[in-house]
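# A closer look at the structure
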Amino acid sequence: MSYCVNCGVELGAGAGSCPLCHTPVQNPHAVPDNDAPPFFPTRHEGVEPVSRRMAGLLLSSMLASVALCCGILNLLFYRELWWSFFPGGAAVMLWVWFAMPLLFRRLSAWCRLTLDTLAIGVYVLLIALAVHGLDWYLRLAVPMLLCAVCVCPTVIWVVRYRRLSILSSAILVLLTAGFLAAAVELFCDLYLRGVWRPGWSLIVLISCVGLCIPLIVIRRVPSLREEARRRFHV
Ligand SMILES: [Zn+2]
């Protein structure tokens, strides 16, 4: 058994050169045999990665089969209630969330997020219609969803297209989270009491602002910014 003097890889009996680093073999006890079969396999064996389109089609078929099975079961059991609309609606929502980005790559992040939120809206509407809760849907769910549709894509657009740094993005996301918490409490209070009494959302908002202050200081002071970049490898 011989080994390459340069890289140490094991050599075949009749090898004239190293198959890895191509260093010529100088072995007086082994005559090079160029017709000998290669000592190492020359074909690359590996499983081809699944394409995004195939993964999307697979996920779509899984979700469609779940919805179809629930529909068939609904026709056989508990026919007085159309319960299959709930898993069916969830399957449609999951398809919009996960399968659609795989199948349609050209959709922008803004468009995807809007469609994701709309899918939640349609699904919640389905539930509201089933439980006769159109009142809470219109007065509570719709304002929250509209708020999310307006705020979240805007934040993504600002982060992506204005090419914000990680620090600036973190500040923006924290402030948005605080604002959304305040908006959620506002809509809940208006629906339940008719008047806005800020409570838990104020704590969330103050905490977010409190977290933003050191980030703003770090962003403004170049030496601190460099130190943070070195420590966190950003
Ligand atoms: Zn070698």
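Each remark here, short or long, concerns the structure printed above.
### Observations concerning the coordination of the zinc ion
- With distances of 2.2 to 2.3 Å, the protein atoms coordinating the zinc ion are C4 (SG), C7 (SG), C18 (SG) and C21 (SG).
- Angles of 105 to 116 degrees at the metal separate the four donor atoms of the zinc ion, which places the site in the tetrahedral class.
- Written as a sequence motif, the donor arrangement for the zinc ion is C-x2-C-x10-C-x2-C. Of the two residues, C7 sits in the loop between β1 (2-3) and β2 (10-11) while C18 sits in the loop between β2 and α1 (52-76), which places them 11 residues apart along the sequence.
- By relative accessible area, which is 1% here, C18 ends up buried.

### Looking at the environment of R105
- One can find R105 in the loop between α2 (85-103) and α3 (109-130).
- Judged by relative accessible area, R105 falls into the exposed class, the value being 62%.
- Along the chain, R105 and R220 lie 115 residues apart, while their C-alpha atoms are 37 Å from each other.

### Focus on the side chain of S168
- Along the chain, S168 turns up in helix α5 (residues 166-192).
- Here S165 takes part through its side chain, which lies 3.1 Å from a polar atom of the side chain of S168.

### Considerations on the pattern of salt bridges
- Summed over all chains, the structure comprises five salt bridges.
- The partner of D189 in a salt bridge is R193, with the nearest N and O atoms 3.9 Å apart.
- Put simply, E227 and R230 hold a salt bridge, and the shortest N to O gap is 2.9 Å. Pair noted here: E227 and R230 are both in helix α7 (residues 222-232), with a separation of three residues, about one helical turn.
- Sharing partners across several salt bridges, the network here consists of E227, R230 and R231.

### Regarding the side chain of T176
- Positionally, T176 belongs in helix α5.
- Beyond its immediate sequence surroundings of up to four residues, T176 is in contact with V151 and V155.

### With respect to the packing of α5 against helix α6 (residues 200-220)
- In contact at an axis separation of 8 Å, α5 and α6 are set at 170 degrees when each is read in the N-to-C sense. Classified by the angle their axes make, α5 and α6 are roughly antiparallel.
- Class assignment of the residues belonging to the contact of α5 with α6 gives a composition of 21 nonpolar, three polar and two charged.

### Topic: the packing of α2 against α3
- Close contact between α2 and α3 brings their axes to 10 Å; oriented N to C, the two are set at 180 degrees. With respect to α3, the axis of α2 lies roughly antiparallel. In this structure, α2 uses F85, F86, G89, A90, M93, V96, W97, M100 and P101 to contact α3, whose residues at the interface are R112, L115, D116, A119, I120, Y123, L126, I127 and A130.
- When the residues that make up the contact of α2 with α3 are grouped by side-chain class, the tally is 15 nonpolar, one polar and two charged.

Criteria and cut-off values
- Residues numbered from 1 in each chain as written.
- Predicted model: local features only at pLDDT ≥ 70, side-chain atom pairs only at ≥ 80, totals over all residues.
- Heavy atoms only, no water.
- Donors = N, O, S within 2.8 Å, 3.2 Å for Na, K, Ca; no water.
- Tetrahedral: all angles 85-135°; square planar, octahedral: opposite > 155°, others 65-115°.
- Helix = DSSP H or I, 4+ residues; strand = E, 2+ residues; numbered from the N terminus.
- Buried < 20%, exposed > 50% of the residue type's maximum accessible area, 1.4 Å probe, protein only.
- Polar contact = N/O pair within 3.5 Å; in protein donor to acceptor, adjacent residues only side chain to side chain.
- Salt bridge = Lys/Arg side-chain N within 4 Å of Asp/Glu carboxyl O.
- Contact = heavy atoms within 4.5 Å.
- Axes fitted to C-alpha atoms, helices over the stretch in contact; angles between N-to-C directions.
- Parallel < 35°, antiparallel > 145°, perpendicular 65-115°, else oblique.
- Nonpolar A, V, L, I, M, F, W, Y, C, P; charged D, E, K, R; others polar.

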